[in-house]
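Fold and contact review
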Amino acid sequence: MKAVSCQHATLTVVDLPEPRPAQGQLLLNVLRCGICGSDLHAKDHTDELAESMAAVGVTDTVASDRPVVFGHEFCGEVAERGRGVGKRFREGTPVVSFPLLRARGGVHLTGLSAVAPGAYAERVLAEAALSFAVPNGLSPDIAALTEPMAVALHAVRRSDITRRDTAIVIGCGPVGLAIICHLKARGVERIVASDLSPGRRELARRCGATLVVDPAVDSPYASAPGITSGTDLYNFGVGSMEKLRRIPGWVPLYRIADKLGGTAQKRPVIFECVGNPGMIDSILAAAPFNSRVVVAGVCMGTDRIRPTLANGKEIDLRFVFAYTPLEFRDTLHMLADGKVDAAPMITDTVGLDGVAAAFDALGNPENQAKVLINPRRS
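Looking at an unreviewed UniProt entry, the chain carries the name Alcohol dehydrogenase, with the source organism given as Mycolicibacterium phlei DSM 43239 = CCUG 21000.

Now for the overall build of the chain. Within the chain, the regular secondary structure consists of 12 helices and 17 strands. A compact globule built from 378 residues would reach a C-alpha radius of gyration of about 21 Å, and the chain, at 23 Å, matches this within 12%. Its C-alpha atoms give the chain principal-axis dimensions of roughly 80 × 40 × 40 Å. In the chain, which comprises 378 residues, the share counted as buried stands at 49%. Looking at the chain alone, contacts between residues at least 24 apart form 72% of all its contacts between residues at least 6 apart. With the model as given, the accessible surface of the chain reaches about 17700 Å², and the carbon-plus-sulfur share is 52%. One finds the centroid of the 41 positive side-chain charges in the chain at a distance of 8 Å from the centroid of its 40 negative side-chain charges.

Turning our attention to the sheet that holds strand β13 (residues 269-272). Across the sheet, which stays open at both edges, the 6 strands sit in the order β12-β11-β10-β13-β14-β15 with parallel pairing between neighbours. Whereas interior strands pair on both sides, the edge strands pair on one side only; in this sheet they are β12 (211-213) and β15 (316-319). Across the sheet, the mean angle from the axis of one strand to that of its neighbour is 20 degrees, orientation sign disregarded. Sheet analysis places strand β10 (residues 166-170) next to β13, joined by 4 bridges and oriented parallel. Across the sheet, the residue bridging to Ile168 is Ile270, located in β13.

On to the pattern of salt bridges. A pair can form between side chains of opposite charge whenever their charged atoms are brought close. Scanning the model with the defined rule gives 18 salt bridges in all. A salt bridge links Glu18 to Arg123; the nearest nitrogen and oxygen atoms lie 2.6 Å apart. Here Arg123 lies in strand β8 (residues 123-127) and Glu18 lies in the loop between β2 (10-15) and β3 (25-34), a separation of 105 residues in the sequence. The exposure class of Arg123 is buried, given its relative accessible area of 19%. Put simply, Arg201 and Asp214 hold a salt bridge, and the shortest N to O gap is 3.9 Å. Pair noted here: Arg201 is in helix α6 (residues 198-207) and Asp214 is in the loop between β12 and α7 (230-244), with a separation of 13 residues, a long-range link. Accessibility expressed as a relative area gives 21% for Asp214, which makes it partly exposed. Overlapping salt bridges, with partners in common, bring together Arg157, Glu327, Arg329 and Asp330 in one network.

What follows deals with the domain arrangement of the chain. Segmentation of the chain into domains returns domain 1 (2-133 + 342-373) and domain 2 (149-319). Relative to domain 2, the C-alpha centre of domain 1 lies at a distance of 34 Å. With 14 residues of domain 1 in contact, the opposing surface of domain 2 contributes 14 residues. Where domain 1 abuts domain 2, roughly 1200 Å² becomes buried across the two surfaces, and 71% of that area is made up of carbon and sulfur atoms. Summed over the shared surface of domain 1 and domain 2, the result is 0 salt bridges. Summed over the shared surface of domain 1 and domain 2, the number is 5 residue pairs in polar contact (both at pLDDT 80 or more). Taken together, the residues of the side of domain 1 that touches domain 2 break down into 7 nonpolar, 4 polar and 3 charged.

Thresholds applied
Residues numbered from 1 in each chain as written. Predicted model: local features only at pLDDT ≥ 70, side-chain atom pairs only at ≥ 80, totals over all residues. Heavy atoms only, no water. Helix = DSSP H or I, 4+ residues; strand = E, 2+ residues; numbered from the N terminus. Rg over C-alpha atoms; globule rule 2.2 N^0.38 Å. Buried < 20%, exposed > 50% of the residue type's maximum accessible area, 1.4 Å probe, protein only. Contact = heavy atoms within 4.5 Å. Areas by Shrake-Rupley, 256 points an atom, 1.4 Å probe, with all protein chains shown as cover. Lys, Arg positive; Asp, Glu negative; His and termini not counted. Charge placed at Lys NZ, Arg CZ, Asp CG, Glu CD. Pairing = 2+ DSSP bridges. Axes fitted to C-alpha atoms, helices over the stretch in contact; angles between N-to-C directions. Salt bridge = Lys/Arg side-chain N within 4 Å of Asp/Glu carboxyl O. Domains from an automatic or database assignment. Buried area = accessible area lost by both parts, 1.4 Å probe. Polar contact = N/O pair within 3.5 Å; in protein donor to acceptor, adjacent residues only side chain to side chain. Nonpolar A, V, L, I, M, F, W, Y, C, P; charged D, E, K, R; others polar.

What follows is the structure in C-alpha cells.
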C-alpha cells in the first residue's frame, strides 16, 4: 500500500506491506486524515518529543533515525475484521478510532510510533474496542476532526468555564479554533480570540469568537474583567474595608458574602494555544489577578516561567493534553448532531503526494489551518 513515511525530518511516499488485523482489531481503508500540529513537531523535533514521552513512561515512540507513518486524526471504512470483532463493524462501515493500538506486547500511540503506523496511508489498523461507527451520515471530512475536537472538548471541560465567564483564546491555530468552536457550542457569551495573523483572526470569527484582537496592536485582556495592577488591587481592598468597617456586625456580613462568592474577583478563563517558548510567562505577566489559565499548546523542549508572577496574582494554571474515550465518543456525536460546527477549520485537502508541500504550507498561518489528507486523491 502507499503511505507517507518520515525519517530524518523528510517526508516520502513509499510502498509498505499490507497490514493485517490482529485479534480485536479492524483494518480500515482511510477516507480522511488530518495533519496535526504534533505531526509538525514530530517531524522537526523528533528526539525532543521522544525524550518528553519517555519522561512520562511512554516508550517505543518516534525516533529521527527510524521511519514512522504519522496520522492519528482519521476516519476510515472497515475493510477487514480481526478475530473476535462483532458484526457491528460490517465491511464498509465508516468509523473513527481512538489512536491507540496493541502491538508487540504493548499499547502504542497510532501515528507516533514505528510500531503503530498511522493514517498517512491507504490503510490503517485500529482497535475495535476504541472505534465508533460514524452516525447520521456525517461526512468523512468532519468525522476526521473528531480527534482534534476531542482535545478541545477536554480542554474546555477542564477549564470549568461558565456561560457568563469571559474566555480569552491566545493563538488561533487548529487547537485554538477547535476550542472556540466548543466555547460557542457551550454558550459562552464572550469569546476573545488573539492572533497575529489576519487570516486566522477571520477563521476565529467564523468559528464563533465575539471579539478578535491583533496582539501587536491591542491587549487581549483590555476588555476582560479583573484587575491587572497590584496597586489597583490594594487600593480596592483598603477602600472596601474602610466602607465595610463602618457597618456594625461587619464580620458576619463578610462571611455571608464570602460564602456566596460575593468577595471573589471577576477574572477571565484564558486558553494558551500557541505552544511557543515564553508564551506561558507572557500570559502570567499580563493576565488579570486570579485568572484561570488552561495550557493547551504543546511547547517542545524547555521553557522558562517566573513562578512569582503566578504566586503574586494567584493564577490557576492547568495543563491539558488529550481526552477520555467518552469525550472522544461524545465529540463524534456532537459533530454528527450539529451541536458543534467545525467546518470552518478545514482549509485544504491533499493526496499522499501533497503531504510534504502541505507541511510547508502550514508554516504560514495566512494560508492554512487544518489540512486533510485523502489517500485516494492524486
